Amino acid sequence: MTRQSPRARLAWTVGLSVVVVYAMVPVLWLMSLSLKSPDSVADKKVIPENISFENYEALFAGGLDSPLLRPLINSIVIALTATVIAVTLASFTAYAIARLDFPGKGLILAGALAIAMFPPISVVGPLFDMWRTLGLYDTYVGLIIPYLTFALPLAIYTLVAFFREIPWELEQAAQVDGATPWQAFRKIILPLAAPGVFTAAILVFIFAWNDFVFAITLTSSDSARTVPAALAFFTGESQFTAPVGAIAAAAVLVTIPIIIFVLIFQRRIVAGLTAGAVKG
Amino acid sequence: MTALSLGRKKAKRAPISDKTRAERKLALMLCAPAVFVMLLVTLYPIGYAIVLSVQKVDLRFPAESGFVGLDNYAAVLKSDLWWQDLFNNTFVTVVSVAIELVLGMALALVMHRAIFGRGLIRTAVLIPYGIVTVVAAFAWFFAFDPESGFVNTLGIFEAEKAWFGDRWSAFAVIIMAEVWKTTPFMALLLLAGLATIDNGLYEAAKVDGASAVQRFFRITLPLLKPALLVALLFRMLDAFRVFDSIFVMTRGSQDTESLSILSYNQLISRLNLGLGSAVSVLLFILVLMIAFVFVKGFGTAVPSQGDRK
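What counts, and at which threshold
- Residues numbered from 1 in each chain as written.
- Chains lettered and ligands numbered in written order.
- Predicted model: local features only at pLDDT ≥ 70, side-chain atom pairs only at ≥ 80, totals over all residues.
- Helix = DSSP H or I, 4+ residues; strand = E, 2+ residues; numbered from the N terminus.
- Buried ≥ 20, exposed ≤ 12 C-beta atoms within 10 Å, placed from the backbone.
- Contact = placed C-beta atoms within 7 Å.
- Rg over C-alpha atoms; globule rule 2.2 N^0.38 Å.
- Nonpolar A, V, L, I, M, F, W, Y, C, P; charged D, E, K, R; others polar.
- Arc of directions from axis to C-beta.
- pLDDT = per-residue confidence, 0-100.
- Axes fitted to C-alpha atoms, helices over the stretch in contact; angles between N-to-C directions.
- Parallel < 35°, antiparallel > 145°, perpendicular 65-115°, else oblique.
- Left-handed = near helix turned anticlockwise from the far one by under 90°.

## A look at the overall build of chain A
Part 1 of the reasoning: Helix and strand counts for chain A come out as eleven helices and zero strands.
Part 2 of the reasoning: Each principal axis of the C-alpha distribution contributes one length, and for chain A these read about 75 × 70 × 35 Å.
Part 3 of the reasoning: Sorting the 280 residues of chain A into buried and exposed places 46% on the buried side.
Part 4 of the reasoning: Here the contacts in chain A between residues at least 6 apart in sequence split such that 73% fall between residues at least 24 apart.

See the structure below:
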């Protein structure tokens, strides 16, 4: 490392800066727009002249009837519920695939892969019709179920890859040394499995948080509409004012937690994204 | 399945122990809930979509419902809109995946040989991955918007350029947003592939006098092929269902509609479940064909043959 020539270091610094700037430009532009007051939102200046928090205040004015609060609560509850259920079910399946010998193993993995490639829009029509008949249209459950389906393959692949790396013999070794099965599970297996489970949870959460197709087709009001769908239907104070500032502010609010998330858990995210695909 | 393998299975079944049986039972119980949920929202609805697609089901005119055979498919395949949208899908997929492949490969190589700041670059590429697609689409839309965007003030383009008033400039922004959002995924998969290549090969090639370009084309590319094909397959299938960016930026105006948007318009806006389902089923078949070509044609080793370690 120290033997790199100054020119190589300079080229590297330039390259690094280009990548970082390119990655950050849209986010910084949204922040800039969100901090402009309504009368200066169209001034096209990169840095706002007067910083105003009007857009943020407007998003939450009116409590539960405000433009953003309900969708934000919906998004958080729906994404968290889907994550917990998906990771639990996927852990069972991944444990069976990684550790037990049974026929149909390959079929389950192949089926999960097929679902990962499935176009969600192809099931939107039938789900729309079924959910209206079953009373699931425009409800939390109506969104959680499809999120589970499309997140499970991702979670199963990630967890199988992680579970295969766990030295399961340690469990028996601990029991030989006098630990109870519960102790062996809690003190040996759980700490080894936790990082994989956590990684799967992050990926599932990002998936559910990001979804737009189901969110706009299976909801019709703020009772279950999530943030991405709500953003697309934001309207200005009158139909003639485009709610640029409001959308930008809401976009910043849902992006900052993700950026913090990514900063803290980047190693796990990278490991999870590539675990299923490369190790096979 | 051949007779030989059947015979072997039978022979195996004879000495099956209680332990094996208990293990299988446990395995099936553990897998059942996940399998059930996965099938609930895919197999049943796609079957239902096929049923809907051979009927006239228009929720605005419920009295006129009835079996119409393949009429819906004929109507879809005869419409100019279907062919235009199929072209749009193919265009967006091919162009965006091609750009992503080049940028992703460059990024992966850069990250692989990082001199310093490896953590910084990883964080930077993960930000687009983590951002909600709709938010990313709005960010680029506002950046290029002639009313409030900064892009037209840069002096590179004409100051009044209406990016979303023309098909090709609208596509340029849509593709740019897609590329920005999904290049990190490509780069990370390729980076993981690069990590599996033995460094000794490069040392040996260097000793034999191979140039950097030769090393890339003779060592890196062939050994990266499995990871490359998997990344390409996933990204192509993903790009082929493009919906969010187009919905946010143009809603399909200026002839930028994609097949997913067409399907959405028929199903949700016009409530024509029969015609919309025919579009959905056709889109499903197209996706199957892409996957089939990759797996059978290019021999993409999809990570499904899970038994090998």
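## Observations concerning the overall build of chain B
Part 1 of the reasoning: Scanning chain B from N- to C-terminus turns up 13 helices and two strands.
Part 2 of the reasoning: Relative to the globule expectation of 19 Å for 309 residues, the C-alpha radius of gyration of chain B, 25 Å, shows a markedly less compact shape.
Part 3 of the reasoning: Out of the 309 residues in chain B, the part that is buried amounts to 40%.
Part 4 of the reasoning: The contacts of chain B with a sequence gap of at least 6 include a subset with a gap of at least 24, amounting to 69%.

## Let's talk about the interface of chain A and chain B
How big an interface is tends to be expressed through the accessible area that disappears when the partners come together.
Part 1 of the reasoning: Each partner contributes to the interface: chain A provides 90 residues, whereas chain B provides 87 residues.
Part 2 of the reasoning: The leading source of residues in the side of chain A that touches chain B is helix H11 (residues 244-279) of chain A, at 19 residues.
Part 3 of the reasoning: Among the residues making up the side of chain A that touches chain B, the classes are represented as 69 nonpolar, 15 polar and six charged.

## Section: the environment of isoleucine 202 of chain A
All names here are of chain A.
Part 1 of the reasoning: One can find isoleucine 202 in helix H8 (residues 181-210).
Part 2 of the reasoning: C-beta crowding within 10 Å serves as the criterion here: with 21 such atoms nearby, isoleucine 202 is assigned to the buried category.
Part 3 of the reasoning: Between the C-alpha atom of isoleucine 202 and that of glycine 272, which follows or precedes it by 70 residues, the distance is 8.8 Å.
Part 4 of the reasoning: Non-local contacts of isoleucine 202, meaning those with residues more than four positions away in its chain, are made with Phe265, Arg268, Ile269 and Gly272.

## Some details on unusual backbone geometry
Part 1 of the reasoning: Despite not being glycine, aspartate 138 of chain A shows a phi value in the positive range, around 65°.
Part 2 of the reasoning: With 17 C-beta atoms counted inside 10 Å, the residue aspartate 138 of chain A sits in the partly exposed group.
Part 3 of the reasoning: A positive phi is found at leucine 271 of chain B, a non-glycine position, where the angle reads about 55°.
Part 4 of the reasoning: Owing to 17 C-beta atoms within 10 Å, leucine 271 of chain B belongs among the partly exposed residues under this scheme.

## Quick notes on helix H3 (residues 43-53) of chain B
Part 1 of the reasoning: The set of residues buried in H3 of chain B consists of Pro45, Ala49, Leu52 and Ser53 of chain B. Seen along its axis, H3 of chain B keeps its buried residues to an arc of 95°; they face one direction.
Part 2 of the reasoning: Considering only its buried residues, H3 of chain B is in contact with helix H5 (121-134) of chain A together with strand E1 (55-56), helix H4 (71-78) and helix H13 (273-297) of chain B.

## Focus on the environment of glycine 252 of chain B
Residue and element names in this part refer to chain B.
Part 1 of the reasoning: Turning to its location among the elements, glycine 252 is positioned in the loop between helix H11 (244-249) and helix H12 (259-269).
Part 2 of the reasoning: The sequence separation of glycine 252 and aspartate 238 amounts to 14 residues, and the corresponding C-alpha distance is 18 Å.
Part 3 of the reasoning: Setting aside its immediate chain neighbours within four residues, glycine 252 contacts Ile246, Glu257 and Ile261.

## Digging into the confidence of the model for chain B
All names here are of chain B.
Part 1 of the reasoning: Here chain B averages 83 in pLDDT, while 92% of its residues score no lower than 70.
Part 2 of the reasoning: Low pLDDT, under 50, characterises residues 1-12; the stretch is placed with one contact to residues that sit more than four places away or in other chains.
Part 3 of the reasoning: Throughout residues 304-309 the model reports pLDDT below 50, and contacts reaching past four residues in sequence, or to other chains, amount to twelve contacts.
Part 4 of the reasoning: If you check the scores for this complex, the pTM reads 0.86 and the ipTM reads 0.86.

## Examining the packing of helix H1 (residues 6-34) of chain A against helix H7 (residues 133-144) of chain B
Part 1 of the reasoning: The interhelical angle for the contact between H1 of chain A and H7 of chain B, taken along N-to-C directions, is 70°, at an axis separation of 9 Å. Accordingly, the angle class assigned to the pair H1 of chain A and H7 of chain B is roughly perpendicular. Between H1 of chain A and H7 of chain B, the residues in contact are Pro26, Val27, Trp29, Leu30 and Leu33 of chain A and Ala136, Ala139, Trp140, Phe142 and Ala143 of chain B, respectively.
Part 2 of the reasoning: Grouping the amino acids of the contact of H1 of chain A with H7 of chain B by side-chain chemistry returns ten nonpolar, no polar and no charged.

## Quick word on the environment of leucine 283 of chain B
Part 1 of the reasoning: By secondary structure assignment, the location of leucine 283 of chain B is in helix H13.
Part 2 of the reasoning: Leucine 283 of chain B gets classed as buried once you count the C-beta atoms within 10 Å, which come to 23.
Part 3 of the reasoning: Each C-alpha atom of the pair leucine 283 of chain B and leucine 259 of chain B lies 7.2 Å from the other, and the pair is 24 residues apart in sequence.
Part 4 of the reasoning: Those residues within four positions of leucine 283 of chain B in sequence are excluded, and the remaining contacts are Pro119, Ile121 and Ser122 of chain A together with Leu259 and Ser263 of chain B.

## Side note on the packing of helix H6 (residues 140-165) of chain A against helix H2 (residues 18-40) of chain B
Part 1 of the reasoning: Relative to each other, H6 of chain A and H2 of chain B sit at 135°, their axes nearing to 8 Å. What the angle tells us is that H6 of chain A and H2 of chain B run oblique. The element H6 of chain A and its partner H2 of chain B pack so that their crossing is left-handed. Note on element contacts: H2 of chain B touches H6 of chain A through Ala34, Val37, Met38 and Leu40 of chain B, opposite Leu148, Thr149, Leu152 and Ile156 of chain A.
Part 2 of the reasoning: Partitioned by chemical class, the residues of the contact of H6 of chain A with H2 of chain B number seven nonpolar, one polar and no charged.

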